[in-house]
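# Survey of secondary and tertiary structure
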Amino acid sequence: MSVADRAARICMLMLMVFAASSSAGADAFRKLTGGQIASKLGGMEFTDEVHWREVYDRGGVLRTFDMGKTRIGKWRVAADRVCVDREGTGSEDCYQLWIEGNHVEMRREADEHDPAPGILRKPTDPVKPRSKN
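Residues numbered from 1 in each chain as written. Predicted model: local features only at pLDDT ≥ 70, side-chain atom pairs only at ≥ 80, totals over all residues. Heavy atoms only, no water.

The name given to the protein chain in an unreviewed UniProt entry is DUF995 domain-containing protein, with the source organism recorded as Tardiphaga robiniae.

## Description of the overall build of the protein chain
Per the secondary structure count, the protein chain includes two helices and nine strands. From first element to last, N terminus to C terminus, the protein chain shows the α and β order α-β-α-β-β-β-β-β-β-β-β. Taken over 133 residues, the protein chain has a buried fraction of 29%. Across the protein chain, the fraction of contacts at a sequence separation of at least 24, relative to all contacts at a separation of at least 6, is 38%. Within the structure as shown, the protein chain displays about 9100 Å² of accessible surface, and the carbon and sulfur contribution to it stands at 56%. (Helix = DSSP H or I, 4+ residues; strand = E, 2+ residues; numbered from the N terminus. Buried < 20%, exposed > 50% of the residue type's maximum accessible area, 1.4 Å probe, protein only. Contact = heavy atoms within 4.5 Å. Areas by Shrake-Rupley, 256 points an atom, 1.4 Å probe, with all protein chains shown as cover.)

## Some points on the side chain of Asp-85
Structurally, Asp-85 can be placed in strand 6 (residues 81-85). For the buried Asp-85, no salt bridge exists, and the shortest N-O distance to an oppositely charged side chain is 5.7 Å, to Lys-74. In terms of polar contacts, Asp-85 uses its side chain to reach the backbone amide nitrogen of Gly-88, at 2.9 Å. Among all residues touching Asp-85, those that are not within four sequence positions of it are Leu-62, Gly-73, Lys-74, Gly-90, Ser-91 and Glu-92. (Lys, Arg positive; Asp, Glu negative; His and termini not counted. Salt bridge = Lys/Arg side-chain N within 4 Å of Asp/Glu carboxyl O. Polar contact = N/O pair within 3.5 Å; in protein donor to acceptor, adjacent residues only side chain to side chain.)

## Quick look at the pattern of salt bridges
Enumeration according to the criterion identifies nine salt bridges in this entry. Where Arg-121 meets Glu-49, a salt bridge forms, and the shortest distance between an N and an O atom there is 3.5 Å. Of this pair, Arg-121 sits in strand 9 (residues 111-121) while Glu-49 sits in the loop between strand 2 (44-47) and strand 3 (52-56), and the two are 72 residues apart along the sequence. On the basis of relative accessibility, which here comes to 25%, the residue Arg-121 falls in the partly exposed class. Linking Glu-92 and Arg-76 is a salt bridge whose minimum nitrogen-to-oxygen distance equals 2.8 Å. Remark: Arg-76 occurs in strand 5 (residues 69-78) and Glu-92 occurs in the loop between strand 6 and strand 7 (93-100); sequence separation between them is 16 residues. By relative accessible area, Glu-92 is classed as partly exposed at 33%.

Written out as structure tokens, the structure reads:
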């Protein structure tokens, strides 16, 4: 076997290992049920860690912070999906929630190949209780 043949085999083997590890990572995300969505998302922040963040307060209030603008909306769980009304207008977008560790993808059922990825973490600005004066 020539040196070129050996190099070609090594390259092919490396490509096969890389492809296998990439597909295994993609399969690690798991779809959450309605109850799991409520317990994972309530009281947490979903963010890209740079441009935007959404705080899913318990009780269904959604606070979004996007490029310096703050909006108040609503969120709820329906049929194993999270439904969000980012402007509080009554117009909802519903998503499946897929998770791997603290990495989350919100996927529309019709467009599962273009998920909205982000990180799920404790809010960076916890809501402080109002004084009772």
